[in-house]
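# Structural description and commentary
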Amino acid sequence: MASQLEQLRQYTTVVADTGDIEAIARYKPVDATTNPSLLLKAAGIAGYAPLLDEAVSWAKSRSQDHAQQITDAGDHLAVAVGRKILDLVPGRVSTEVDARLSFDTDATIAKAERLIGLYEDAGVKRDRILIKIASTWAGIRAAEQLERRGIQCNLTLLFSFEQAVACAEAGVYLISPFVGRIMDWYVANTDAKSFEPEQDPGVQSVRRIYDWYKRHGFETVVMGASFRNAGQIRALAGCDRLTISPDLLEKLDASNEPLPRALEDAGARAPRPEPISEPAFRWGHNEDAMATDKLADGIRKFAADQVKLEKLLAAKL
């Protein structure tokens, strides 16, 4: 019997949720995702030291302004890590826009275009890049414009059904609903301290989104993310994509138990509803306490790690 990882690959595109080059080389995912937290971890890995030095040197050559140098070094490092990952995966890498821009549509567009420009200057075509943007109303509107300009996006920090609906209607390439962080909230805020996969609120959220997308014929890719255990992954086998951390990839690779398909497009179609309005989006999202809490918390944490990364770079400038 093939490993559960190999069985999963029959139904689902496997993506590595890491910036660890050794792990990517070991598990051979199709794509890989990064974020400020993963870049901060990568910056502490010895193999990445030349990339930090390269980013700092490049930033110094571009500007004499210290603040601008920090911004330039951060952008260059994100792209340099992405390029290194692309040497190992046949598909795409996701590179994230600064979380501090999550409520500024124009600034998000500008940062996305800059990152794509840096990739293209390095000889990497934009069809190998996904720009990661937080699924705020402003972020979704930015992604809508970027998609029209040929820059495909990965909408992250997605917790509510309203976020998923708005992303599909905006025509974004891919969404990343956060399974584990949804479960974390329910463990912290209800009497339930654990969930079987079928009752897991994060698993149920992704299944609802997947079924709604397929039923209404939306092409936006559903990529489950932020897993806490292998049971959550097994319960979503068949989802378009799953982005999985190295430790859980290892667990799946070590098991030869059968892994049946859990999600599948049944082929039934229904007319699309009227597009969600901004007031309906904001009210529906606001009524979901978990989604409101986790989106805000995720943005704050990514922003904090971005600041830590910038301090590390600033010390080298």
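Residues numbered from 1 in each chain as written. Predicted model: local features only at pLDDT ≥ 70, side-chain atom pairs only at ≥ 80, totals over all residues. Heavy atoms only, no water.

So, about the sheet that holds strand S7 (residues 221–224). Strand pairing within a sheet occurs via backbone hydrogen bonds; the two strands may be parallel or antiparallel. With parallel pairing, the eight strands of this closed barrel are ordered in space as S1-S2-S3-S4-S5-S6-S7-S8. On average, adjacent strands in this sheet sit at an angle of 30 degrees to one another, irrespective of strand direction. Pairing geometry for strand S3 (residues 93–96) and strand S4 (residues 129–134), over four bridges, is parallel. Along S4, the bridge assignment pairs glutamate 96 with lysine 132. Strands strand S1 (13–17) and strand S8 (241–244) of the sheet are contacted by helix H12 (residues 246–254), whose axis makes an angle of about 110 degrees with S8. (Pairing = 2+ DSSP bridges. Helix = DSSP H or I, 4+ residues; strand = E, 2+ residues; numbered from the N terminus. Axes fitted to C-alpha atoms, helices over the stretch in contact; angles between N-to-C directions. Contact = heavy atoms within 4.5 Å.)

Counted under the stated rule, the structure contains 21 salt bridges. Among the ionic pairs, glutamate 144 bridges to arginine 148, the shortest N-O distance being 3.6 Å. Here glutamate 144 and its partner arginine 148 are both found in helix H7 (residues 137–148), four residues apart, which amounts to about one turn of the helix. For arginine 148, a relative accessible area of 67% translates into the label exposed. Between aspartate 305 and lysine 308 there is a salt bridge, with its nearest N and O atoms 3.8 Å apart. Linking aspartate 305 with lysine 308, this pair stays in helix H14 (residues 289–314), spanning three residues, or about one helical turn. (Salt bridge = Lys/Arg side-chain N within 4 Å of Asp/Glu carboxyl O. Buried < 20%, exposed > 50% of the residue type's maximum accessible area, 1.4 Å probe, protein only.)

Across all of its chains, the model carries seven aromatic pairs by this definition. Consider the rings of tryptophan 137 and phenylalanine 281, whose centres lie 5.1 Å apart with planes at 55 degrees: the pair is tilted. Placement of tryptophan 137 in helix H7 and of phenylalanine 281 in helix H13 (residues 278–287) is noted, with a sequence separation of 144 residues between them. The same class applies to tryptophan 137 as to phenylalanine 281, namely buried. Ring centres of tyrosine 213 and phenylalanine 218 lie 6.1 Å apart, and the angle between their planes is 55 degrees; on these two criteria the pair is classed as tilted. You'll find tyrosine 213 and phenylalanine 218 in the same group, each marked buried. Through a chain of ring-to-ring contacts, the aromatic side chains of Phe161, Trp212, Tyr213 and Phe218 assemble into a single cluster. When the ring centre of tryptophan 137 is taken as reference, the NZ or CZ atom of arginine 141 above it lies at 4.4 Å. (Phe/Tyr/Trp six-rings, centres within 6.5 Å; stacked < 30°, edge-to-face > 60°. Lys NZ or Arg CZ within 6 Å of the ring centre and 35° of its normal.)

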